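# Descriptive structure summary
Now for the letters of each chain:
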Amino acid sequence: MVERKEIEHLADLVKVDLSEPEKYIKQVEQILNYFDSLDHVEFHSDDTLGIQIAKDDLRDDVYEPYGDSLIEHLKKDQNNFIRAPKMV
Amino acid sequence: MNLGISATEFVSQVREGAISVEEFVAKTLERIEKVDGKIHAFITVDSQNALEKAKAIDKKIKSKEKTGICFGMPVSIKDNICTAGLKTTCASKMLENFVAPYDATVTSRLKSEDAIIIGKVNLDEFAMGSTTEHSNFGPTRNPWNTDYVPGGSSGGSGASVAALECLASLGSDTGGSVRSPASFCSVVGLKPTYGMISRYGLVSYANSIEQIGPIAKTVEDVAFLLNIISGHDVHDNTTAKNQNIDYVKDLKSGISGKKIGIISQMTGDGVDKEVASATNTAISKLQDLGAQCVSISLDAVEHSIAAYYTIAAAEASSNLSRYDNLRYGFDFGTEGYEFKAFISKARSNFGPEVIRRMLLGAFVLSAGYYGKYYLKAQKVRAMIKAQLDEAFKKVDYLISPTMPILPFKVGEKIDDPLKLYLTDINTVTANLSGIPAISVPFAMSSSGLPIGIQLFADSFKEKELLQAAYSLQETTNLPEMTL
Amino acid sequence: MTRIGLEIHCQLTKLASKLFCSCKAEYRNTTPNSNICPVCVGIPGSLPLLNKKAVEKAAMISLALGCTIPEKIGFFRKNYFYPDLPKNFQITQYNAYGPTSIGSDGKIEIEGKTIRIRRIQLEEDPGRLVYEGTSEKTMITLVDYNRAGTPLVEIVTEPDFETPKQVRVFLNVLADLVENIGVADPYLEGAMRVDGNISEGDGNRVEIKNVGSFRDVEKALHFEITRQQSLVERGITVLAETRHWDEARRITVSSRSKEDEQDYRYLPEADIPIVLIGNNSVEQIKTQMPESIVARRERYIKKYGMPAQVADVLSSDRFYSDLFDKSHNEKNAKEVSNIITTDLMGVADTREKKLELKITPKHVSELADAIMENKLTRNSGKSALHEMVKSGKSLADVMTSLDLGHVSDAGSIEKIIDEVFKEEEKAVAEAKQNPDTINYLVGKVMRKTKGKADPTTTLEILRKKLAG
Ligand SMILES: [Zn+2]
């Protein structure tokens, strides 16, 4: 059973204000119940998929300044800082 | 002027001087003006720039300057793929004013071949959905019947091509998002092998499984676009090396002597009767062309939806964390807020489907649950891939209907997310395993709604896949768009 | 028993570019948000591109600390919301689902004690926050992302330290080590940051964060141990919590933030493929590693017969051992090591002072030769060295300008001795009686020649004259 408290906790983890947490309870519960089927799958291998790259194919350590002044595209103040709210 | 020609036909007509780019683009813009009010495929139309580009390309052709191989072909781009100078909204309030400072690799490759980006098209917010109803800017409608959904999430791509508002489009396919609208809109849509096309500039939803894919009227067009946009990219370490293949060449090689496996888990129960019958017809047509068809069972497919939504939700919850409205986003001052309150308030502007998936993602990744959900989902991926590897030892292709059901009405399924998730049963397998899959328009239902057939091939076998898709396409005789 | 474990964040300051993009790794002294690109500020659609050299340098640190390097390494996302984190997750490494971090299970000997290294991981540094405003109400946070994405290596030890002093010795060794490998300048501001965890007996573990400098680490640990011991004595349970070091008040303060309770929802970073390191690469990296401090010390003792203490001092200082290696030859090695360890290291003992030194290996080598060939006394050599350090002038120029030439021709010395004999009749008479007092007269000659007279020649002539 998914409860309102749990939905609120999840919403806090992903930082979303939910005006009506109830709206999500039933559907989230239904979907999670469906996901539970994964727990009953019989696996014969612990393999997972994933692509690989050789170390030598990684990016070389070269400094290349980003041509455009990126900060001009962002929300900035007159000193080119990004303004965030107070932390406490 | 016939806007219903294919992209390939457009190129040859422009080269022959039969049509001018400017005239075609102007007519296309008129068409958008005329029909898009009913379909709502576009979020942004870049009329002025498109016309200027068209004139410039005409001039290049006239003066016999070297012209890119697209010759001014008007294309639309899904609004989760970055285009410098044009808004990239992801159909979200969170990015309603966002203009990317750079071009996605696919965008710059198209531009350098003289394609004209005519506009940006609608999607389910951040590509999460299969109906294009979850857009902050309102739903896109199916051009074959505007009461119906166009599929999704690349519904704007599918609808804009089907409604003759452009010659081709780029979509993205995370769990079927290129193939579903291709099927519902009666156009061709390819989900390439993971690593085939650069994701640089594609706004991430579930980055371990999604790929950009072309949508167009014909298989030839899709092969043509794939030649341009595929290949290794230094900006994306997940792209594969050495894929210099010409997909247009030998497209008409046929499928005589090839083996096709019919996936039993995707053709049996739960498939609409008309869809099932169209699938059978497709199979017999392919047999007529000399292919041998056998039934193949992939029992891991049974777990594919749970695995897909677990992975997609987990990755989405992380990928969407960056939208906190501090560096970019909609207008919302920070004054008077404390950090957490501010971002939580800003982020409550995501739509309900996005929020739902972020909540699910937070749940499956939270401490103690990783092994129960995410890791199991990853193992399902490996299991599906292992079964496919076995299958491809026996057959060259796999076949299924793209969607198990016919297009449905706008609003019909929006309140039952799980039911809607289950309709992805035939598409998610290609994403989980990384293999390529293509949807080919095959038939119309008795009610005049499109039915698409899906073909799969092994990883990086796009050339063979397109050959089979072309063969299937040549057996069809579908109606013209009348809207 | 006290058990202390450490988490050390060490920036790879010697790299040219950031961990996942081509912006500059050195972010200091740049105007706000001028060293940024779509990747390091998390612009939608951007993708991380792992820096090859960062992987190699982190592997070197791992090898130097005796860690195992796996065949394949992987990256994870650590999800939490903070304004200095442009993507609201940090790309790091994580071993809970199988070891994929660049190093694990290492150990290092510190003063006869084995400190086990749990893991070494490569990760990105966040941006920097600047607080503006006076009262809490008007306070806002300004963010500068120039540092975001700077390559960082996190070294996590097992709780094997028993005293703050052991921690200090370890940190000094570690700083020397990363400097020696050439991956970091540990003395740059913020280049090396240390968090600690402490427990007493079976008590709860307390994390200490926010310690600004190496010196403060020892102080913070001392304070915390005393605090915990006094709680235990009074029968009060030590709470498992995170405490911050308050530099001004020199105490640790409980941080009310819920940081430890955070659920980071780790997941694999799919934008970075699994990186194949392989045995060949590890062997290759080994050959690229500079000589370790231990190996260098051995070489100094064996090859040059340096006393253990001199070899110790010299080998653990990258700057001076490099200078030694560049300036000595077979013949003058001992003299060069003498000049460096007894004179030069006293002149410049800090990073800033070292950077100001104008002395070159050629200076040191010539000086050693001059002393060995008796062209300069040790004393004059010291004066010459001081001048060369300041001006960078050649030894010949310095000897001329300071008039330091060695007086070794018997004629000149004899003249001076004659002068001394006239002035010091009483001492001369005494020396004739008691040869042990001869040094007084040597001193007088030296004073008159400003130390330039060759002591052996002086003594010879003096003896002759006294006897005659
Ligand atoms: Zn950068």
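What counts, and where the lines are drawn
Residues numbered from 1 in each chain as written. Chains lettered and ligands numbered in written order. Predicted model: local features only at pLDDT ≥ 70, side-chain atom pairs only at ≥ 80, totals over all residues. Heavy atoms only, no water. Helix = DSSP H or I, 4+ residues; strand = E, 2+ residues; numbered from the N terminus. Expected span 1.5 Å × (residues − 1). Contact = heavy atoms within 4.5 Å. Salt bridge = Lys/Arg side-chain N within 4 Å of Asp/Glu carboxyl O. Buried < 20%, exposed > 50% of the residue type's maximum accessible area, 1.4 Å probe, protein only. Donors = N, O, S within 2.8 Å, 3.2 Å for Na, K, Ca; no water. Tetrahedral: all angles 85-135°; square planar, octahedral: opposite > 155°, others 65-115°. Axes fitted to C-alpha atoms, helices over the stretch in contact; angles between N-to-C directions. Parallel < 35°, antiparallel > 145°, perpendicular 65-115°, else oblique. Left-handed = near helix turned anticlockwise from the far one by under 90°. Nonpolar A, V, L, I, M, F, W, Y, C, P; charged D, E, K, R; others polar.

## Digging into helix H13 (residues 410-423) of chain C
Helix length check: H13(C), at 14 residues, gives a terminal C-alpha distance of 20 Å against a target of 20 Å (1.5 Å per residue), a fit within 8%. Close packing links the buried residues of H13(C) with helix H14 (425-433), helix H15 (438-448) and helix H16 (455-467) of chain C.

## Some points on the pattern of salt bridges
For the coordinates displayed, the defined rule picks out 56 salt bridges over all chains. A salt bridge links A:Glu22 to A:Arg4, with the nearest nitrogen and oxygen atoms 2.0 Å apart. Here A:Glu22 is found in helix H2 (residues 22-35), whereas its partner A:Arg4 is found in helix H1 (residues 4-13), with 18 residues between them in sequence. On the basis of relative accessible area, A:Glu22 is assigned to the partly exposed category, the value being 42%. Exposure remark for A:Arg4: the relative accessible area of 39% places this residue in the partly exposed category. C:Glu366 serves as the salt-bridge partner of C:Lys362, at 3.4 Å between the closest nitrogen and oxygen. Here the residue C:Lys362 and the residue C:Glu366 both occupy positions in helix H10 (residues 361-372), the gap between them amounting to four residues, near one helical turn. Members of the salt-bridge network, linked through shared partners, are B:Arg199, C:Arg77, C:Glu269 and C:Asp271.

## As for the coordination of the zinc ion
Residues and elements named next belong to chain C. Note on the zinc ion: its protein donors are Cys21 (SG), Cys23 (SG), Cys37 (SG) and Cys40 (SG). The metal-donor distances range over 2.3 to 2.4 Å. Geometry at the zinc ion is tetrahedral, judged from the four donor atoms that bind it and their angles of 102 to 114 degrees at the metal. Donor residues for the zinc ion, ordered by position in the chain, follow C-x1-C-x13-C-x2-C. Using a relative accessible area of 4% as the deciding quantity, one classes Cys21 as buried. Of the residues examined, Cys23 reaches a relative accessible area of 2% and is grouped as buried.

## Brief notes about the packing of helix H7 (residues 318-327) of chain C against helix H8 (residues 333-347) of chain C
Residue and element names in this part refer to chain C. In the contact formed by H7 and H8, the axes pass within 10 Å of each other and the chain directions differ by 150 degrees. In terms of their interaxial angle, H7 and H8 are classed as roughly antiparallel. For H7 against H8, the interelement crossing comes out right-handed. In this structure, H7 uses Tyr320, Leu323, Phe324 and Ser327 to contact H8, whose residues at the interface are Ala333, Val336, Ser337, Ile340, Leu344 and Met345. Of the residues assigned to the contact of H7 with H8, the class counts are eight nonpolar, two polar and no charged.

## Examining the packing of helix H2 (residues 164-181) of chain C against helix H3 (residues 214-233) of chain C
Residue and element names in this part refer to chain C. In the contact formed by H2 and H3, the axes pass within 9 Å of each other and the chain directions differ by 160 degrees. It follows that H2 is roughly antiparallel to H3 by the angle criterion. As for the relative orientation of H2 and H3, their crossing is right-handed in sense. Of the residues in H3, those touching H2 at Pro164, Lys165, Val167, Arg168, Leu171, Asn172 and Ala175 are Phe214, Val217, Glu218, Leu221, His222 and Ile225.

None of this, on its own, says anything about what the molecule does.
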